[in-house]
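The residues making up each chain are set out below.
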Amino acid sequence: MRSAAITTMTRAAVLATFVLAAGPISAQPNMPVATPERAASLTVAAPAPAAIFLDVWIKSYTPPEQGQVEAVVSLAVGDNALEVGRFTFFPAGPFVAREAREERGYRFDASAALAKLGRDKPLTIRVALLAADAAKPPRGATLTLSRAAFSPRP
Amino acid sequence: MSRIDRRSLLQGGGALALTAAATTVHAQPKISNKAIKVQLSPVLRRSVNTMALNDPMLEAYRKAVAKMRTLPATDKRSWEFQAQIHNNHCPHGNWFFLPWHRAYLLAFEHICREFSGKPDFALPYWDWTGNPQLPAAFATQDYNGQPNPLFDANRSSQSVTISPTYVGAMKMSQIYAETSFEVFGSTRPSGQNSTAASWQRANGLKGPFESGPHDHVHTTINGDMMQLISPRDPIFWLHHCNIDRIWDHWNSLGRANTSDNLWRTFAFNGQFFNPSGANGTTAYNTTIAGVLDILSLGYRYTLPRFNVAVTVALLNKFINPGDPVERIPLTWGAAAKINVATVAQGKLAPPQKIKFTNAIESFQRLNLTATVAKQAQASSRIMLFIRNAEKPAEGNVDVRVFVNHPNPTADTSVRDRHYAGSFTFFGAGHDHADHGANPSYMLDITDTVSNLQIAGIDLTKDINVQLVPVPIPGEKTASEVKVGSIEVAIF
C-alpha cells in the first residue's frame, strides 16, 4: 500500500512538474525574430479593461535582398489569430536600436480583436513578414521585436 | 453654425421649399447682374487626379521644378537643398510629423510660386484613395518633346498602383474615425518633457495614418521615395500635400489637435526658407501653433462656406430672376421611366452647362456689415435655383437632383455622392392642388460639390446638374416635368 501510494505520489509529482514546466496552456514560447519563413511572437499580459491599443516596438530590421516586405501584426489566443494592422518600413534601410529610445514603435487599434479574443488571459503578439511583391521573394529579411504592450486611449 | 438640412429646405413636406420659394422667388428677390466672382484667397489646392496634363498648376509646377533643378545644392531654393532639409530634419514616428511637413510644404510652395511666375500657384495633391495609380504627369520621361521635370527614373515602376489595403476608402474611413490626435497624428516622443529641439526626431509610436498610407506610398513608389531623401522625387510633394489635406479634413470633422504645449509651442527654427528678393531667402521659423490654421497660411482644400444667415441675407438682397449670374448651359440627365425628352423641350432653354468660377468680388460692394463681411469672406455657398417648375397636370414625381453624375437614372441611390437633394410638387395630381403660380425651388448644393471635390472629382471648370424624375410609390406617375429655368448662384 505504502509503495503504491508513493508510486502514485511520484507519478503525480512528475505530472505536476511537467505541467509547471509547460507553463499555462495559452502561453506560447517567445520568438522575437521574424523571417519570411516564420513569424515573430511575444506573449503579452492580459490587457487592462481600458486598453484598446496595441503598441509594438521593433529593435532591428534588415530589408530583404530584393523587393519589399510588409509586417502583419496579429493578436492570438492559441491558433485563433486576428490581424490588428500592418505596416511597411519607411525609411526602408536597415536599423539596429542600440537602446530603447532608438526602437521604432507602432500603435494599432486592437479593440475589435480584443472583443473577440477576450481580455482575461495573456495574448500572443505575432508579426509576420510577407512579400509586398509576390514576384520578389523577400529573402534575407528579418525583424526583431523588442516589446509590446496594451495602452488606453490617450 | 446652424444648418438647414437640404432636404428640408426643398421638401419639408414641400412646404418649406415653397415657403423659401415664396420668400426668395415669388417676392422677386434680386441677383446682381454684375457677375459675382469669388476670388479665392487663400488659394485652392486641387487634386492632380482632376488635372489635364497641361493644367496651369501642373505647367507651373514643371517650370518651378525645372528651375530648382538648375540651381546649385548650396542655394537654399534648389531642388537638392530642399530634399536635404527633409533628410536632415524631418520627424517621423512622432507627433511632429504632420505640422513639420505642413510648414515644409508651405515654404516649398512659396518657392514654386516664385519660380513659376504664377502668383496663385497652389501645390496639387495626389489623392491616392481616389486614384491609386501614379499620376500620368509624373510617369513619362518626356513631356511635349522635352525631358519631363516631374519624372524620376529611380522609381521601381512608372505604372505603380497603391494597394487599397493601405489607402482604400475603408482604410481611410477607419483613419478618419480616430478621435485622438496622438493616434491619428502619431504619439509624442517617448519621454518628451520639454520643447528642446532634440526631441524633434525622437521616436514615439507611429499611428495607423503614418504607418499605413503614408509609409506605404513611400515604399511602393520605391526609388528615391524609399528613404529620407524622398523629396528628390517630384511626387513626394503631392503625396505629402494629400497627407496635409487629410489632416485638415480630419480637423474639419470636429477632431481636435492636441492642446498639449509640448506640441503647440514646439518650434521649427532654421529649417525652412522662403524666397526673398531676386536670389535670396529668408528663414521661415514657426511654432506648431503657427501652422494650425491653413486659411491663415494662405491655402485651402475645399470650397468655403457661408453660414445660413449670411446666405439668406445675400439671397434676399441680390437674387433677380431676370438677371442671371454666370448662367451657362445646363446638361440634362436621363430618366429611366419618364419621358425626359419633354423636359428638354417646350419652355426650357437648350441643354446647358453651368460653369463654376472661383473668383470672389469685393464684399465691400455688397454693403455688408463688417461682421457679416468677415463671415462672408470665410465661406460661400453654391445655390441652385429651379424656377417656374410647372406642376404636372396629372400625377406627380419626385425629382432628384444630381451634380456631375455621369449617368443618373431613377435607380441611382440617394446615397450616391452626386446626389444633392430632391423636390416634388406639393399637392400635384390632387383635386385640392394649388393651381396658383408655378413653384420655384432653391437647393443648396455646396455640400455635394465640396464632397465631390474631396473625392477628387474636379468641379472647378464645369458643374453639371442632372434632374431625374422618379415615380412616387402609391401615386400616379406624372408623364412629364417641365421647369422654366435652372440657375446656379455662387456667393
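Okay, so let's go over this structure.

Calculation notes
- In this convention, every chain numbers its residues from 1, walking through the sequence in written order.
- Both sets of labels track the order of writing: A upward for chains, 1 upward for ligands.
- Thresholds applied to this predicted model are a pLDDT of at least 70 for local features of residues and 80 or more for the giving and counting of side-chain atom pairs; totals over whole chains, interfaces and linings are not thresholded and use all residues.
- In this text, helices come from DSSP runs of H or I with a minimum length of four residues, and strands from runs of E with a minimum of two, each type numbered from the N-terminal end.
- For every residue, the other C-beta atoms within 10 Å of its own C-beta are counted; 20 or more classify it as buried, 12 or fewer as exposed, and values in between as partly exposed. C-beta atoms are placed from the backbone.
- In this scheme, strands are said to pair when DSSP sees at least two bridges between them.
- Whenever a helix is involved, its axis is fitted only over the stretch in contact; in every case the axis is a line through C-alpha atoms, and angles between N-to-C directions fall within 0 to 180 degrees.
- C-beta atoms are placed from the backbone for every residue, and two residues are taken to be in contact when these atoms lie within 7 Å.
- Gly is put with the polar residues, along with every residue not named as nonpolar or charged; the nonpolar set is Ala, Val, Leu, Ile, Met, Phe, Trp, Tyr, Cys and Pro, and the charged set is Asp, Glu, Lys and Arg.
- The term nonpolar core means buried Ala, Val, Leu, Ile, Met, Phe, Trp, Tyr and Cys residues held together as one set by C-beta atoms within 7 Å.

Examining the overall build of chain A
Thinking step 1. Each helix and strand in chain A was counted, giving two helices and nine strands.
Thinking step 2. Going from the N terminus to the C terminus, chain A shows its helices and strands as α-β-β-β-β-β-β-β-α-β-β.
Thinking step 3. Classification of the 154 residues of chain A by burial places 34% in the buried group.

Digging into the sheet that holds strand E16 (residues 465-470) of chain B
Residue and element names in this part refer to chain B.
Thinking step 1. Read across the sheet, three strands follow the order E13-E12-E16 without closing on themselves; strand pairing throughout is antiparallel. Every interior strand has two partners, whereas the edge strands, strand E13 (419-424) and E16, have only one. In this sheet, adjacent strand axes meet at a mean angle of 25° when their direction is disregarded.
Thinking step 2. Looking at chain direction, strand E12 (residues 398-403) and E16 are connected through six bridges and run antiparallel. Residue pairing across strands places Val399 opposite Pro469, the latter belonging to E16.

Structural notes on the interface of chain B and chain A
Thinking step 1. Contact with chain B, which involves 22 residues of that partner, is made by 22 residues of chain A.
Thinking step 2. Among the secondary structure elements, those contributing two or more residues to the side of chain B that touches chain A are helix H9 (181-184), strand E5 (205-206) and helix H10 (208-221) of chain B.
Thinking step 3. In terms of residue count, H10 of chain B provides more of the side of chain B that touches chain A than any other element does, seven residues in total.
Thinking step 4. Residue composition of the side of chain B that touches chain A, grouped by class: six nonpolar, 13 polar and three charged.
Thinking step 5. Note that strand E7 (residues 104-109) of chain A and E5 of chain B share two bridges and pair parallel. Note on E5 of chain B: the bridge partner recorded for Tyr106 of chain A is Lys206 of chain B.

Structural notes on the sheet that holds strand E2 (residues 40-44) of chain A
Residues and elements named next belong to chain A.
Thinking step 1. Sheet architecture is open: four strands sit in the order E2-E8-E4-E5, paired in antiparallel fashion. The outermost strands of the open sheet, each flanked by one partner alone, are E2 and strand E5 (80-88). Ignoring strand direction, the axes of neighbouring strands in this sheet form an average angle of 25°.
Thinking step 2. The pairing of strand E4 (residues 69-77) with E5 spans eight bridges and is antiparallel. Within the sheet, the bridge partner assigned to Val72 lies in E5 and is Arg86.

Remarks on the pairing of E16 of chain B
Thinking step 1. Taken across its six residues, E16 of chain B has six buried, putting it largely inside the fold.
Thinking step 2. Where burial is concerned, the two faces of E16 of chain B agree: the one with Val465, Leu467 and Pro469 of chain B and the one with Gln466, Val468 and Val470 of chain B are both buried.

Quick word on the nonpolar core
Proteins that are soluble and globular tend to have nonpolar side chains buried together.
Thinking step 1. Membership of the largest hydrophobic core comes to 99 residues, with the highest contact counts inside it found for Leu54, Leu75, Ala110 and Val127 of chain A together with Cys112 of chain B.
Thinking step 2. Not counting chain neighbours up to four residues away, the residues in contact with Ala110 of chain A comprise Ile52, Phe53, Leu54, Leu75, Val84 and Phe150 of chain A.
Thinking step 3. If you look at the next biggest cluster of nonpolar residues, it comprises 22 residues, including Phe402, Met442, Val465 and Leu467 of chain B.

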